[in-house]
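# Observations on chain architecture
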Amino acid sequence: MNPIGRTIKNYREHLKMTKEELAQKIRVGTHTIEKYETGEQIPSNQTLLKLSTVLDIPASELKLDQLD
């Protein structure tokens, strides 16, 4: 798991949100959330903004994780 995937998963679980719920809120498939969390796929900047809104974290925190 990459740092951004770990961050997404940790915040999602902290909010007691399922992958399905997160996927629905940011309008992607559940499989896409799984790929983000495992590091198979990196979210686009637009998706990072949606994730930051839904997970209530600064987008900069997610973008910084991409540099690790």
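## Here we look at the pattern of salt bridges
A side chain of one charge can pair with a side chain of the opposite charge if their charged atoms are brought near each other. Applying the stated criterion across every chain yields a total of 1 salt bridge. With a closest N to O distance of 2.6 Å, E37 and R12 form a salt bridge. Separated by 25 residues along the polypeptide, E37 in helix 3 (residues 30-38) and R12 in helix 1 (residues 3-14) bring together distant segments of the chain.

## Notes on the environment of A23
Note on placement: A23 falls in helix 2 (residues 19-26). Here A23 falls in the buried class, since its relative accessible area comes to 2%. Separated by 10 residues in the primary sequence, A23 and I33 place their C-alpha atoms 6.3 Å from one another. Residues contacting A23, with those up to four places away along its chain left out, are V28, G29, T30 and I33.

## Digging into the side chain of R12
Judged by relative accessible area, which is 6%, R12 ranks as buried. Other than its neighbours up to four places away in sequence, R12 contacts M17, T18, K19, L22, E37 and L55.

## Considerations on the packing of helix 2 against helix 3
Direction vectors running N to C along helix 2 and helix 3 enclose 105°, while the axes themselves pass 8 Å from each other. Put simply, helix 2 runs roughly perpendicular to helix 3. Across the interface between the two elements, K19, E20, L22, A23 and I26 from helix 2 touch T30, I33, E34 and E37 from helix 3. Among the residues making up the contact of helix 2 with helix 3, the classes are represented as 4 nonpolar, 1 polar and 4 charged.

## Description of the nonpolar core
In a soluble, globular protein the nonpolar side chains are often hidden away together inside. Counting 13 residues, the largest nonpolar core has I8, L22, I33, L51, L55 and L62 as the members making the most contacts within it. Mapped by element, the contributors of at least two residues to this core are helix 1, helix 2, helix 3 and helix 4 (45-55). Sequence-distant contacts of I33, defined by excluding residues within four places in its chain, comprise K19, L22, A23, I26 and V28.

## Details of the environment of T30
Here T30 shows up in helix 3. By relative accessible area, which is 26% here, T30 ends up partly exposed.

Conventions and cut-offs
Residues numbered from 1 in each chain as written. Predicted model: local features only at pLDDT ≥ 70, side-chain atom pairs only at ≥ 80, totals over all residues. Heavy atoms only, no water. Salt bridge = Lys/Arg side-chain N within 4 Å of Asp/Glu carboxyl O. Helix = DSSP H or I, 4+ residues; strand = E, 2+ residues; numbered from the N terminus. Buried < 20%, exposed > 50% of the residue type's maximum accessible area, 1.4 Å probe, protein only. Contact = heavy atoms within 4.5 Å. Axes fitted to C-alpha atoms, helices over the stretch in contact; angles between N-to-C directions. Parallel < 35°, antiparallel > 145°, perpendicular 65-115°, else oblique. Nonpolar A, V, L, I, M, F, W, Y, C, P; charged D, E, K, R; others polar. Core = buried A, V, L, I, M, F, W, Y, C linked by side-chain atoms within 4.5 Å.

Read these as spatial facts, not as claims about activity.
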